[in-house]
Amino acid sequence: MDTNQIIQRLEDLHAVLQYCTENESLGKSPSFSRGERICINQERGSLMSQLNAELFPNDVRNYKCTVFLESKIRFTLKKVIDNHLT
């Protein structure tokens with residue numbers, strides 16, 4: 001993944017987490033469970049470590065969300081985009 005792809009993925013993951021939090025604060029059911037949000041944040045941390053690989057090459061982590069969670073992320077991201085929430 002190149003730097004631009006990593007940054008876009010970070011933005012997408014942030015958007016779906018924000019959407020989930022906003023829905024929860026409005027009394028709606030969250031898009032993701034607590035465990036799923038932890039997994040999303042694990043991937044975000046992994047991506048950030050990849051961006052910093054030039055500075056700290058030994059600290060690069062590789063983590064990707066499961067296929068099932070990825071489908072939920074894509075579905076939620078489509079809702080965010082369709083509702084012009086980005």
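Residues numbered from 1 in each chain as written. Predicted model: local features only at pLDDT ≥ 70, side-chain atom pairs only at ≥ 80, totals over all residues. Heavy atoms only, no water.

Caption draft 1: Quick look at the overall build of the chain. Of regular secondary structure, the chain possesses 3 helices and 0 strands. What you see in the chain, going N to C, is helices and strands ordered as α-α-α. In terms of overall dimensions, the chain has a C-alpha envelope of 40 × 25 × 25 Å along the principal axes. Taken across its 86 residues, the chain has 34% of its residues classed as buried. A gap of 8 Å separates the mean positions of the 11 positive and 11 negative side-chain charges of the chain. (Helix = DSSP H or I, 4+ residues; strand = E, 2+ residues; numbered from the N terminus. Buried < 20%, exposed > 50% of the residue type's maximum accessible area, 1.4 Å probe, protein only. Lys, Arg positive; Asp, Glu negative; His and termini not counted. Charge placed at Lys NZ, Arg CZ, Asp CG, Glu CD.)

Caption draft 2: Examining helix H2 (residues 34-51) more closely. Compared with an ideal rise of 1.5 Å per residue, which puts 18 residues at 26 Å, H2 spans 26 Å between its outermost C-alpha atoms and is within 8% of the ideal. Restricting attention to buried positions, one finds in H2 the residues Glu-36, Arg-37, Ile-40, Glu-43, Arg-44, Gly-45, Ser-46, Leu-47 and Ser-49. Residues of H2 that are buried sit in contact with helix H1 (3-25) and helix H3 (67-82). (Expected span 1.5 Å × (residues − 1). Contact = heavy atoms within 4.5 Å.)

Caption draft 3: Representation of the pattern of salt bridges within the structure. Counted by the stated rule, this structure contains 7 salt bridges. A salt bridge links Lys-64 to Glu-43; the nearest nitrogen and oxygen atoms lie 3.9 Å apart. With a gap of 21 residues between them, Lys-64 in the loop between H2 and H3 and Glu-43 in helix H2 connect regions that are remote in the sequence. Two residues, Glu-70 and Arg-74, come together in a salt bridge whose shortest N-O distance is 3.3 Å. (Salt bridge = Lys/Arg side-chain N within 4 Å of Asp/Glu carboxyl O.)

Caption draft 4: The arrangement of H1 in detail. Taking 1.5 Å as the rise per residue, H1 with 23 residues should run 33 Å; its terminal C-alpha atoms sit 33 Å apart, in good agreement. Those residues of H1 not exposed but buried are Ile-6, Arg-9, Leu-10, Asp-12, Leu-13, Ala-15, Val-16, Leu-17, Tyr-19, Cys-20 and Asn-23. Check the buried side of H1 and you find it contacts H2 and H3. The residue sitting at the N-terminus of H1 and contributing the capping side-chain oxygen is Asp-2; that oxygen lies 3.2 Å from the backbone nitrogen of Asn-4. Directly beyond the C-terminal end of H1, a positive phi value near 85° is found at Gly-27. (Polar contact = N/O pair within 3.5 Å; in protein donor to acceptor, adjacent residues only side chain to side chain.)

Caption draft 5: Quick peek at the environment of Pro-30. Secondary-structure assignment places Pro-30 in the loop between H1 and H2. When its relative accessible area of 34% is taken as the criterion, Pro-30 is described as partly exposed. Distance from Pro-30 to Gln-8, taken between C-alpha atoms, is 23 Å for residues 22 residues apart in sequence. Every residue in contact with Pro-30, bar those within four places of it in the chain, is listed here: Cys-20 and Glu-24.

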